[in-house]
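# Structural features, examined
Read off the chains here:
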Amino acid sequence: MGHTFFCMLSFFLLNILLDCGHTRDAELTYKPNSPYLFTGESVTFTCDMREGNDTDWHYKFNRNGQQIVSFSTKNTHSLKLTADLSGDYQCIGRHNGSEKDEKESNSVTLYVSAHKPKVTLRADRTAIPVGGSVTLICSVEGSTGWEYAWFRRSSDFHNIIHMIDGDSSIISVSQEGMYYCYGRRGNPVFFTEHSDMFRVEMTLSNRTFVTRQQNWTRIYSGETINVRCEIEGGEDTEWEYEWRTTSSNTPPAHSEYKIKSASHSGSYWCKGRRDLYSSTEWSKAFSLTVLSHRPKPTVRADRRIIPDGNNERLTCYLDNSAEWKYYWFRRRSVLSESEIIRDGEPDRVISISEGGIYHCRGGRGTPVFFTEDSDAVTIEKRVSSKPVVSLHPNWPLIFSGEAITIKCRIYEDTITEWEYEWSKPNSNTSPADDEHRISNATVSNSGNYKCVGKHKWDTYSLSEWSDVVTLIVSSNRPKAELSADDRVIPVGGSVTLTCSVKTSSSGWKYFWYRGEKTSEPLTTQDVLLSTGQISVSQEGVYWCRGGRGELVYYTEYSDSISINKSDTNKAVVTLQPNWSKIFSGETITLRCEIKNGGDTEWEYEWITTSSEKPSNQKEVSIRSASVSHSGQYWCKGRQKRAEQNSTGWSNAFQLIVSYEKPKSVLTVSPLWLNAGDSVTLNCEVEHQSAGWRFYWYKTVPKLSDMYITYNYGYRYHRFIDTHRMDSRRFYTDSYSYELLSGSNNGTEEGSYIIHGQTHTAGYVCRAGRGDPVYYTYYSEEKFVWSADFNSQASLAVSPDRVQHFIYDSVSLSCQGNSTEWRVMFLENYRSSVSHCSTLGTMTGSTCNMYTSWQTDGVYWCESGSGEFSNAVNISTHFSIILVSPVHPVTEGDSVTLGCMLRPGQLLSNVTFYKNDNLIQNNDRAELNISAVSKSDEGFYRCEYSGQKSANSWISVKSSSSPFPVSLIVGLFIGVLLIVLLPLLVLFWYKKSKGKCCHRLIQSERTNQGSATAQTVNRDESQVYSSLLRGDAGVYETLCNSGNTRRGEQADDCRTVTSHIQPEGLGKRGVCDDPAESSDYSNVEPGSITGP
C-alpha cells in the first residue's frame, strides 16, 4: 500500500515538471557589470546552471526572446555593443543526457548608449589653501566599474604629466596646475572621453584689503570714489587684480577701482594674482553705502543786523564739517546775480561787514562734488543816518476822503542815493519812494508810520528806523457851523457871518453860498473881513462850508441862516443859543426882536404850531426842551399906548427838538502802550451839532457791583452799560469816573493827550453845552493796554503762552496789593467789556476757564483798590499752535519757541518763521534765542508737515530802568502843596471875609476854563494822582436830569472825582448859604450840574 502511494506520487510530480516547461534556477551574469553600457564596449555573458559541471550542459543565448546563439558547449558569449543591442538577455541550458531537461536563467536588461561617455571632474575647492590640499573627484555619472587615469599640466604650454594610473576616483593634490582625467573598463579596454580641464590654484599667504581713498563718513550719489586693492607684503611683486562686486558697476583689472559717479550701494571684494596658478585669497567684503540725496547746509548768523562799524559772523553748517570746503555767495538785491565771496576754503565761518542776501554750499573731491545751496539769509547793515518822517500838510487830524502825503527824509547824508521802506498800519505793501501819498484817506490809514532808508545800490545797507509819526483819520466828515451877529440887515448896514469847523485840525478855507447849495461860491461883491468871516448886505439864505488841501476836501454844508433886510419895526424870532439842533432836556430861549424899534416899549404876541403855548413876553424860556416844543413860531410887537401901531407877524421860525439824547463816542490811540508813547483821546458827539465842550474821565474799578441776580434766582454775569438806554436790559455799573486834569469846565477841542501813561487804563468822555450845562450820555469805556508788569497789580497766565487749543483749561491769576480782584476781557470783534464769569469761574484772585472761539481777546486784572494790571492776548486754535511767551521778553534774556499739536506734545522737525521769513529749518524741536534784542521783535509762527500756526507777536522790552526823576519831582511838588496850601487858604479866608459869593472853586473853574492846552505831562499826572489819593478829596455823584418820555427824571449817575477841596474849608466858609456849601461836601444826587 505504501509502495503504491509513493509510486503514484512520483508519477504525479514528474508530470507536473513535464507540463510546466523549463526550470529557472540557472543564472546569467555579464561583464562589465553596469546597467548602462556604451557603443564600442564589449560585454561577456556567462551562463551558470548551478548543477553539475559546466560540461554537462549545452547553452543557448536569447535577446528579447529571440535566439542569438544556438545550443553549444560554451557557457559564455561576447558582444561588441552598438545602440541597437539594448534589450533583455537570457540563457537556457540543456542537460546532455536529456533533451527535455532544460533550465532558463534570469533575464538581464542592457541599456546601450549611442554616445561615448565623458567623465566629470569635481573639486572641493578651486584653490589650495596655505599648507593644505585640494580633493579632486573623477566619475562617470550613472555608471560603475571604471578605473581612472589622472593627468596634470603645470602650464597651458607644457606637456601633460601622467600622474596616477589605477582605479582611484578620488585624489588629493597640493600642487597648482591644470588637471584632467578619464575612465576605462572592460576587456578589451574601453576608454571614456577626457574630462574638462580643471584649474587648481595655489593660495598665497599675502592678505588683501579693500580701502577707500576718500575717508569720508558718508558718500552721496554723484560723487567720484576711488576704491583700492592693497596686498600685504606684496610690494615687490607685480600683481594682476581681480574684483568682485554686488553693485551694477563694471569692475576693472587693476588695483584702483574708480567709481566716477556713485549711484549704487554694494559690497566689493578683490584679490591679487602673481601668475596663472597663484593668487591671494579674496579680501573681506568692503561695504559702500551711497545716499541718494545731496546734503544741504544751513547758514546761521549771530544776528541779522550789523551795527554801524561792526562785523557779523556767518557759519555754514554741514554734518561732518571737516570733510568739506566751503563756498560763500552774496546778492546785493533780490534781483541781482550771486557773487562768490569765498571759493572753496576749509573754514566754514566767514566774517562780513556788508548787508546782503547770503548763502553757502559745500564741495569736496576731484572733480568737485557740490552740496545743494543753503537757504538764503538776509543780513542788514545799519548805517548811522536816521530819517525823519513828516506829514504834509501837517494836520493833527484828517478826515476820510482827504489826501495827505507822508514824507521820509535823511538830512545828514546828501551824497548817498536812498530808497525807502515804510512801516505803516493795515498794509502789506511797502513803497520804495521817500513819499507815501494817501489820495483818499480812510480810518484804516490811522496809525503809526515810520521809515528806514536803504542804499539804492546796496539795498541791505539800512539807516536806523525813524521816530514814529501818528496819523489820525476820522470817519466822520466834519460839518461847518454858520453863525451871524444879526439876522436882519439894518438900513444901510450889513451883517457879519462867521463860518467855522469845530475840530482839532487846522488849515481850513471857507466857501460862502447864497440861495441854493449848488450855486457858485460868493466872490468879491461881499466884503471878506477875515478868514471865516464875511460881511453881507444882501438878504437871502446863506450857507458855508470849509475846504482844504490842493485837491480841495470839503466839509459838509453848514445849516442855513436866513438874513433879512430891515423893514421898519419888523419882528424877527431868534434862538439863543443859536444851535441848529436842540435835544430833549436842553435849556433854550426864543426871543422876539423888533428891528428899528428904538426905545419904544413893546408888547408881544406869539403863535406856534407846537403843543406848548408860549407866554406873551419878549423871551420864551424853555428850561427843559422836549419833542412837544417842536414846531413853527411867529411873533409880533405892538407899541404900548398905541394899539394900532404894531409890526407884522415875523417870518416863521422852525424849532426842532430831538427826542434822542446824544451819545459821545470815544476813540483812543494807541491801543497798546510802548515806552514813551502818548495817549490821544478823541471824543465826538453822534449826529454832529455845535456848541459842545468835552469832559474827560479815567475809570476806577468798583468790584462791589460785579454781579447782579435775575428773578429766576440764578447768579449771572455782570453787564456794563454806561448809558442805561435800554430799560429791558439788566446791568450794573462797575466803574466810577474821575475827571482828568484840566477837564472841570470841559475843553473846546475834541481831543486830549496824556503823556507818560505806562500802565493799563480805561477812559470815558462826554460832552456838554448850555447854561445850565446839558450833558450827552457817557461814551463806552475805552482801554489802552500795557504789557509791562505793574508792581501793584499783575496778571499771570497758565499755561504761559499766547496760543491755546480749543477746550484747553486756562488759569488767569491776579497778584498785587489787594485782596479783592476780578479778571476782565475784551473779546475780539466786540466793543463791550466782559467779566471772567461769562466764560468760567472766578475763585479768589484766579479765573479758571475752558477756551473756546469766544475767549479770543485781551485780558487784564482789576483790583479792589482801583488798580489795573498788565494786559495779555489770548487766542484759541484747533490743530497747531506756536508756544511763545505771553508777556514781553526783557532784552538780553533767552527765549524758547516751540510748536505743538493737539493733544499737546512738542514737535520736532519744525520750521519757524519771523514776519513770514524762514529763520530755522532743521530737526530741532525748538527755536532758541539766547539773548533777545529789539531786532528780534516781530510776528512768529511755526509750520509742521504742511500745517501752519497763527502768528504771535513777540514783544521785547528794554532792560534799562530809567531813574524815576518825574516821581521825585511829583513828590516834591506834592509836599510843597501840602506845606503851602494851608497858608494860601488862610490868606484867602482873610481876604474874602464878608464876601459870600467868592469861592475857591469859582476861581479854579475860571482858571481852568481859560486854559487852552489840555495835556497832562508825566510830572503833572503824578501830582494829580497823589492829590486824588489824599483823604481830603471829594467824590461827587453826578446824575443827569434829562426827562424821559414819561416826564420822569432820568437817573444816570456816575461817581466821579471833582474838585480837590478839603471838606473842612466848606464847613469853615464865610458864606452861610446852604446852596453854596453844597458845592463842597455832602452832594445830593441830582443837584450837581457840573461834569
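Summarised in this report is the structure supplied together with it. In this text the structure is predicted, and so the values were computed from the model without any measurement.

### As for the overall build of the protein
The helix and strand inventory of the protein stands at 6 helices and 95 strands. Looking at the 1091 residues of the protein, the share that counts as buried comes to 44%. For the protein, the proportion of contacts with a sequence separation of at least 24, taken over those separated by at least 6, is 63%.

### What to know about unusual backbone geometry
The phi torsion of most residues other than glycine is negative, and most of the peptide bonds are trans. A cis geometry characterises the amide bond from N187 onward to P188, with omega recorded as 5 degrees. Inspection of the secondary structure puts P188 in the loop between β16 (177-185) and β17 (190-191). Look at the link from S669 to P670: it is a cis peptide, with omega at -5 degrees. Assignment of secondary structure puts P670 in the loop between β63 (664-669) and β64 (678-685). Phi is positive for D916, close to 65 degrees, though the residue is something other than glycine. Secondary-structure assignment places D916 in the loop between β86 (911-914) and β87 (917-921).

### Regarding the packing of aromatic side chains
One pass over the full model with this rule turns up 32 aromatic pairs. Between F38 and W146, the ring centres sit 6.2 Å apart and the planes meet at 50 degrees, which makes this aromatic pair tilted. Within this pair, whereas F38 is found in strand β2 (residues 36-38), its partner W146 is found in the loop between β12 (134-139) and β13 (147-153), the two being separated by 108 residues in sequence. The burial state of F38 is the same as that of W146; both residues are buried. When the ring of Y220 is compared with that of F369, the centres are 6.4 Å apart and the planes differ by 5 degrees; the resulting orientation is stacked. Taken together, the residues span a long stretch of sequence, with Y220 in strand β20 (residues 219-220) and F369 in strand β35 (residues 369-370) at a distance of 149 residues. The burial state of Y220 is the same as that of F369; both residues are buried. Taken together through their ring pairs, the aromatic side chains of W672, Y735, F783, W785, W860 and F868 make up a single cluster. The lysine or arginine in question, K450, covers the ring of W465, its NZ or CZ lying 5.1 Å from the ring centre.

### A word on the side chain of S143
Considering the arrangement of structural elements, one finds S143 in the loop between β12 and β13. Residue classification places S143 among the buried residues on the basis of a relative accessible area of 8%. Polar contacts involving the side chain of S143 include one to the side chain of W146, which spans 2.9 Å.

### Topic: the sheet that holds strand β58 (residues 602-608)
Reading across the sheet, the 3 strands line up as β58-β60-β61 and stay open at both edges, with antiparallel pairing between neighbours. In this open sheet, the two strands that pair with only one neighbour each are β58 and β61 (653-655). Across the sheet, the axes of successive neighbouring strands diverge by a mean angle of 30 degrees, strand direction being ignored. Relative to β61, strand β60 (residues 631-639) runs antiparallel, the two being bridged by 3 bridges. Its bridge partner being in β61, G631 is matched across the sheet by L655.

### A closer look at the state of the cysteines
Summed over the entire model, instances satisfying the criterion amount to 11 disulfides. The disulfide that involves C138 links it to C181, with 1.9 Å between the sulfurs. Torsion about the S-S bond of the C138 and C181 cystine: about 90 degrees, corresponding to right-handed handedness. Placement of the pair is C138 in strand β12 and C181 in strand β16, with a sequence separation of 43 residues. Grouping residues by exposure puts C138 and C181 together as buried. A disulfide bridge connects C229 with C270, and the sulfur atoms are separated by 2.0 Å. Between C229 and C270 the disulfide shows an S-S torsion of about 80 degrees. By sign, it is right-handed. Placement of C229 in strand β21 (residues 225-231) and of C270 in strand β24 (residues 266-275) is noted, with a sequence separation of 41 residues between them. With a relative accessible area of 0%, C270 lands in the buried category.

Calculation notes
Residues numbered from 1 in each chain as written. Predicted model: local features only at pLDDT ≥ 70, side-chain atom pairs only at ≥ 80, totals over all residues. Heavy atoms only, no water. Helix = DSSP H or I, 4+ residues; strand = E, 2+ residues; numbered from the N terminus. Buried < 20%, exposed > 50% of the residue type's maximum accessible area, 1.4 Å probe, protein only. Contact = heavy atoms within 4.5 Å. Phe/Tyr/Trp six-rings, centres within 6.5 Å; stacked < 30°, edge-to-face > 60°. Lys NZ or Arg CZ within 6 Å of the ring centre and 35° of its normal. Polar contact = N/O pair within 3.5 Å; in protein donor to acceptor, adjacent residues only side chain to side chain. Pairing = 2+ DSSP bridges. Axes fitted to C-alpha atoms, helices over the stretch in contact; angles between N-to-C directions. Disulfide = S-S within 2.5 Å.

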